[in-house]
Amino acid sequence: MSDRPIGIFDSGVGGLTVLKEVSRILPSENIIYLGDTARVPYGIRSPETVTRYSFECTEFLLRQDIKLLIVACNTVSAISLKEIQKKVSIPVIGVIEPGARAAVNSTKNRRIGIIGTEATIKSSAYPKAIKALDKDIEVFGLPCPLFVPLVEEDWTDGIIARLVVEKYLKDMIDKGVDTLVLGCTHYPLLKGVIQDVMNNVCLVDSAIETAKVVRDVLKSRESGVSGQGRIKFYVTDSTEKFVNVGERFLQSRIEDIEKITLEVR
């Protein structure tokens, strides 16, 4: 169990924010990351398509003999997580419940905002998870579709990023939320400008909260390892583009990377 890797998948590079936090908290763990870059984004797909894609990613990682699976995509966590958990025997952790729990623990005025893709917001997964913990909390969801291209084009600060963030988040300011969940794995790269616009509002980064859950699950199973862990990357499209964008996400080199074709069911 100890030497087996942790598996992480996402539709593209966004899940690298989760990988970064897991690697920081658990530096000795071996990790396999799968980015389904040929079919990104998942956030605009139908629930049926998202579920099909997510099972293809899951099956690939299971063949790598992983000991734990992290669904680093908010869209998949919202739509397909429970189906995946039913069908595999290893622990499967999504990014929504850890973020929801942290938001509930953070809020003082019981008004929480959620920002994410169209699919994540439409699913109401975050409000359901939050209200399961405290039914009296008010939750406000807001899709922010321009945030992902801003991040991937490296426009994470400056006047353009500021204007786009201000335009989207005015509604959250008007609603008086005191806690805002970054409900997409790309959004932590905009954390600086979002925090500036939202002033004293507490930002919840689901990547950080998910990494904490992974640590606790592995600790409970006595799955500790020592030494420096290795990270292997798989993508379904250009490795060059993934490396160019991904190294900005990780702030470190991506060296062991391979392009693969997923088996279509």
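Structure: above.
Residues numbered from 1 in each chain as written. Predicted model: local features only at pLDDT ≥ 70, side-chain atom pairs only at ≥ 80, totals over all residues. Heavy atoms only, no water.

### Let's talk about empty space enclosed by the protein
Link 1 in the chain: All told, the structure shown has 1 cavity of 30 Å³ or more when counted by the stated rule.
Link 2 in the chain: The computed volume of the largest cavity comes to approximately 30 Å³.
Link 3 in the chain: Forming the walls of the largest cavity are V18, V95, L182, C184, T185, P188, D205, S206 and A207.
Link 4 in the chain: Its residues assigned to classes, the lining of the largest cavity shows 6 nonpolar, 2 polar and 1 charged. (1 Å grid on protein atoms, 1.4 Å probe; cavity = no way out; pocket = protein on both sides within 12 Å on 5 of 7 lines; lining within 4 Å. Points joined across faces, edges and corners; volume = space filled by probe spheres on them. Nonpolar A, V, L, I, M, F, W, Y, C, P; charged D, E, K, R; others polar.)

### Let's talk about the side chain of T58
Link 1 in the chain: Structurally, T58 can be placed in helix α2 (residues 47-62).
Link 2 in the chain: Discounting chain neighbours no more than four positions away, the residues touching T58 are F9, L69, I84 and V88. (Helix = DSSP H or I, 4+ residues; strand = E, 2+ residues; numbered from the N terminus. Contact = heavy atoms within 4.5 Å.)

### Focus on the sheet that holds strand β6 (residues 138-143)
Link 1 in the chain: Spatially, the 4 strands line up as an open sheet ordered β6-β5-β7-β8, and their pairing is parallel. Two strands close off the open sheet at either side, each with one partner strand: β6 and β8 (202-205). Adjacent strand axes in the sheet meet at a mean angle of 25°, parallel and antiparallel pairs treated alike.
Link 2 in the chain: As judged from the 5 bridges shared by strand β5 (residues 111-116) and strand β7 (residues 179-183), these two strands associate in the parallel manner. Across the sheet, I114 pairs through a bridge with V181, a residue of β7.
Link 3 in the chain: Across the face of the sheet, helix α9 (residues 158-175) comes into contact with β5, β6 and β7 while running at roughly 170° to β6. (Pairing = 2+ DSSP bridges. Axes fitted to C-alpha atoms, helices over the stretch in contact; angles between N-to-C directions.)

### Remarks on the layout of surface pockets
A probe as big as a water molecule, rolled over the atoms, marks out the empty space that is left.
Link 1 in the chain: The computed volume of the largest pocket comes to approximately 580 Å³.
Link 2 in the chain: In terms of lining residues, the largest pocket is bounded by 33 residues, among which V40, P41, V148, E152 and H186 are the most central.
Link 3 in the chain: Going through the elements one at a time, α3 (74-79), α6 (118-123), α8 (147-152) and α12 (239-250) are the ones with two or more residues in the lining of the largest pocket.
Link 4 in the chain: Here the residues of the lining of the largest pocket sort into 15 nonpolar, 12 polar and 6 charged.
Link 5 in the chain: Each pocket or cavity is described by its volume, and for the second largest pocket that value is around 270 Å³.
Link 6 in the chain: Considering the residues around the second largest pocket, the lining is formed by 13 residues, among which S77, A78, K82, A125 and K128 are closest to the centre.

### Looking at the sheet that holds strand β3 (residues 68-71)
Link 1 in the chain: Judged by pairing direction, the sheet is parallel, and its 6 strands sit side by side in the order β4-β3-β1-β2-β9-β10 without closing on themselves. Both edges of this open sheet fall to β4 (92-93) and β10 (257-259), since each of them pairs with a single strand only.
Link 2 in the chain: Of the strand pairs in this sheet, strand β2 (residues 31-35) and strand β9 (residues 231-235) are connected by 5 bridges, and their pairing is parallel. Looking at the pairing, Y33 lines up with F233 of β9.
Link 3 in the chain: Lying on the sheet, α2 is in contact with β1 (6-10), β2, β3 and β9; it crosses β1 at an angle near 155°.
Link 4 in the chain: Contacting β2, β9 and β10, α12 runs over the sheet at an angle of about 145° to β10.

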